[in-house]
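Commentary on secondary and tertiary structure
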Number of protein chains: 2
Amino acid sequence: METLIEMTRNGKHPEWLKKVAEYEGVDLNLLVKLIAKGEVVVPRNVLRDEDFQAKAIGRFMSTKVNANVGTSADYVNVEEEVEKARVAVKYGADAVMDLSTGGDLDYIRRRIMEAVNVPFGTVPIYQAVREKNVEDLSEDDFFRVVEKHAKDGVDFMTIHAGVNKMSLERLKRSKRLMGIVSRGGSIIAKWIETTGEENPYYKDFDYLLEILKEYDVTISLGDAFRPGCIADASDRAKFTEFIILGELVEKCREAGVQAMVEGPGHVPIDEIETSVKAMKFVTKNAPLYLLGPLVTDIAAGYDHIAAAIGAAIAGMHGADFICYVTPSEHLALPTVEDVREGVIAAKIAAHAADLVKEGQRERARKRDYEMSVARKNLDWSRQFELSIDPEKAMEVHSRRKSKGEACSMCGDLCAIKISREVLEKAKD
Amino acid sequence: METLIEMTRNGKHPEWLKKVAEYEGVDLNLLVKLIAKGEVVVPRNVLRDEDFQAKAIGRFMSTKVNANVGTSADYVNVEEEVEKARVAVKYGADAVMDLSTGGDLDYIRRRIMEAVNVPFGTVPIYQAVREKNVEDLSEDDFFRVVEKHAKDGVDFMTIHAGVNKMSLERLKRSKRLMGIVSRGGSIIAKWIETTGEENPYYKDFDYLLEILKEYDVTISLGDAFRPGCIADASDRAKFTEFIILGELVEKCREAGVQAMVEGPGHVPIDEIETSVKAMKFVTKNAPLYLLGPLVTDIAAGYDHIAAAIGAAIAGMHGADFICYVTPSEHLALPTVEDVREGVIAAKIAAHAADLVKEGQRERARKRDYEMSVARKNLDWSRQFELSIDPEKAMEVHSRRKSKGEACSMCGDLCAIKISREVLEKAKD
């Protein structure tokens, strides 16, 4: 069986790719070329059927949003997690990851996968550490979970292969305040430290790729060393990991496995451009998957806003895939309402980026143009329709209606109304 | 009487300015010099007493946030507007503007001013058009309201003096989609069009300055032609107004009146830097007061997030004063809860900007550093204390508590805990 990247390299493409190109408004041949080069990925497990909504992530493609759902040891309510996944997709998430760490993980993963029809990702190491203590994991355990998830039909997996003895040494010498804030990264670092062995995902990366290749699973190279606070941003540990990830991207491409790369973390706004561009350089334009970045540490309760600021800036400079952050980040497992807030904030950032992204700019601007026409015409139902969250827009508007045709903010002194009179009169 | 700008030019300063310099963590002599040059303003009506919390706005100063409150023709609930002003200040607004256009405007303005002790602004033309139809306003009416507000102790006023026959002609030739979206701007444009006369604020700008000077009121030169949608961003009308505002800033400085300049509007993220820098160039570094900018038109119901993205980017490039935007923007008069959301979003943007702003960077980063230390120590009460909204952070955290010392997101798999073990062990 040929993987997608292999097919496109031979100038072929599966039938379903047409729909993906159409969805992006890009030429199919361009999409095929970009996949072949590894600058775009379309995560899709071979077990997926025709109904599956595959999405393209990368250069010239619209900026995508991922929503993380999943239980923790403290909260295991499977149906709530399923509901979160549904709500995420309803509000525009392009992909869903199950990060469950509590309860029957196989059951939960399968339930959530059944509930949504978008690219679905996992972090297999989370399941491994639920079955054994970190120090007791065998090298085989690392791969067994990957294969299990692949067989379940998972489309992309975060694998923290950039943590190795060398990069861990660089991390220690970086004298970070927050150390490692990636769950998977901290687990693997602990395994390396306690066993004295090299990270199996790094050491046996070729074997990992064989498993992934069999199901055409896309690898998402985890950012184990993403900075966890402003004080640690743009440090040597982070750049060291970028370099390792860049090397691994080349291996993926050689092996015919699609790869994307995950990025920082907490980053002050004036360092985001450098981070994003550095990652694009060292990975030779691999699609970039960002969590946040969070532009301050103090926005607890509103981290979706801190992340939206970072994501928009990152998107402007080349980030392709935004992992949402909810208002619960750093504080608790999110609620369904938090998921909605998180998705919307990330969608706003993604759209703001698309308004200036090469290949998407014209298409994205059409919607803003239509919205502005509706706004000028004080056509409220059309404005709601074009809003990022029509229900919310309608709800806010009807809470306090105006007696006239404008809104209750300005009432009869609506600038749009007055200006329309003035400027239209001027045209006569 | 000498105005503040005149005093500082003579190398003097009022006693109360010491507190302002302390609040900013800047050297008093530097502050005096920046005020003298017009690169920083400290809006403060001469009628203010010692209790008044004056704030410095401009270069090297922390990024400030303004909250607009006020009635409309459709909703007149004075006590709710007072409550909004109080809530805004509670959550960190540095200034409040009363934009009321419904009810007894004198009474409302005075009630809100009594309730808060921060720089207070108004847009006098709103009151003028409540007393007469636009076309019936005499030139004198334009100035009468300014004088009344000055006598009431208002610290800064938005005056749309950049609308004149020339700039209106440029606007018409710009063939904008949305025309004028500034209420004050549309009123003055209508007055010019219907009377055939020049904007009194422009024509008799010197007279205006005489009134303001008597009470040492700071002028905020209104951005009547701010683009109201992405399609109109960075057009010729906007740049024309910048130029006029730059000329007027020079007149203010010559007359000894403090001046700041208001800016766009709706701007795609990759054009914000240009707008901000262009305004700083043509106004010779006048403090820049931005509404938003909004980075997309489609975020109705969540415009506080679209504005926070724009404000952070603008702040990074030199904006000094951020006018908050609430979730109700474009839809309705905001509620008290909307005011809280709007202020917090703007504060996040302002803080993200301060983390990289010359003169504020080190001070702003201390709080993030302390937050990160508390986070590393899993010291929850300290984390709440340092959060931008301690109540909200606490509420989210306690909604779903963990059985252990970490939060319920990761539970026992808390990366911070695991990483601490690994890296501390490594140090041994």
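Residues numbered from 1 in each chain as written. Chains lettered and ligands numbered in written order. Predicted model: local features only at pLDDT ≥ 70, side-chain atom pairs only at ≥ 80, totals over all residues. Heavy atoms only, no water.

Residue and element names in this part refer to chain A. Among the six residues that make up strand β3 (residues 64-69), six are buried, leaving the element largely enclosed by the rest of the structure. A two-sided burial pattern is seen for β3, the buried positions comprising K64, N66 and N68 on one face and V65, A67 and V69 on the other. One ladder, built from three bridges, connects β3 with strand β10 (residues 321-323); its direction is parallel. Looking across to β10, one finds that K64 is bridged to F321. Each parallel crossover has a hand, and the one from β3 via helix α4 (residues 78-90) to strand β4 (residues 95-98) is right-handed. (Buried < 20%, exposed > 50% of the residue type's maximum accessible area, 1.4 Å probe, protein only. Helix = DSSP H or I, 4+ residues; strand = E, 2+ residues; numbered from the N terminus. Pairing = 2+ DSSP bridges. Right-handed = clockwise from strand over helix to strand, strands pointing away.)

It is worth spelling out helix α16 (residues 361-376) of chain A at this point. Here α16 of chain A contains 16 residues, and its C-alpha end-to-end distance of 22 Å stays within 8% of the 22 Å for a straight helix at 1.5 Å per residue. Along α16 of chain A, the residues classified as buried are A364, R365, D368, M371, S372, A374, R375 and K376 of chain A. (Expected span 1.5 Å × (residues − 1).)

Turning next to the environment of R144 of chain B. All names here are of chain B. Tracing the chain through its elements places R144 in helix α7 (residues 139-152). Counting along the chain gives 249 residues from R144 to A393, while the straight-line C-alpha distance between them is 47 Å. Polar side-chain contacts of R144 include one of 3.2 Å to the side chain of E131. (Polar contact = N/O pair within 3.5 Å; in protein donor to acceptor, adjacent residues only side chain to side chain.)

The subject of this paragraph is the domain arrangement of chain A. Where interface size is quoted, it is often the accessible area lost as the parts come together. All names here are of chain A. Here chain A is described as being made up of domain 1 (4-357) and domain 2 (362-427). The gap between the C-alpha centroids of domain 1 and domain 2 is 38 Å. In this complex, domain 1 contributes 15 residues to the contact, which on the side of domain 2 involves eight residues. Connecting domain 1 to domain 2 are two salt bridges. A salt bridge links K90 to E391; its shortest N-O distance comes to 2.9 Å. Summed over the shared surface of domain 1 and domain 2, the number is seven residue pairs in polar contact (both at pLDDT 80 or more). At the level of secondary structure, the elements contributing two or more residues to the side of domain 1 that touches domain 2 comprise α2 (17-24) and α15 (336-354). (Domains from an automatic or database assignment. Contact = heavy atoms within 4.5 Å. Salt bridge = Lys/Arg side-chain N within 4 Å of Asp/Glu carboxyl O.)

Our next topic: the relation of the copies chain A and chain B. Of the transformation superimposing chain A on chain B, the axial component is 0.0 Å and the angular component is 180°, with the fit at an RMSD of 0.0 Å. Expressed as a symmetry operation, the mapping of one chain copy onto the other fits a two-fold axis. Among all residues of chain A, the one whose C-alpha sits closest to the rotation axis is I309 of chain A, at a distance of 2.2 Å. (Least-squares fit on C-alpha atoms with pLDDT ≥ 70 in both.)

Averaged over all residues, the pLDDT of chain A is 96; the fraction at 70 or higher stands at 99%. Confidence estimates for the predicted assembly give a pTM of 0.98 and an ipTM of 0.97. (pLDDT = per-residue confidence, 0-100.)

Residues and elements named next belong to chain B. Overall, parallel pairing links the eight strands, which are arranged β3-β4-β5-β6-β7-β8-β9-β10 in a closed barrel. Each strand of the sheet is rotated relative to its neighbour by a mean of 25°, with strand direction disregarded. Across three bridges, the pairing between strand β4 (residues 95-98) and strand β5 (residues 120-122) is parallel. Pairing of M97 across the sheet is with G121, part of β5. (Axes fitted to C-alpha atoms, helices over the stretch in contact; angles between N-to-C directions.)

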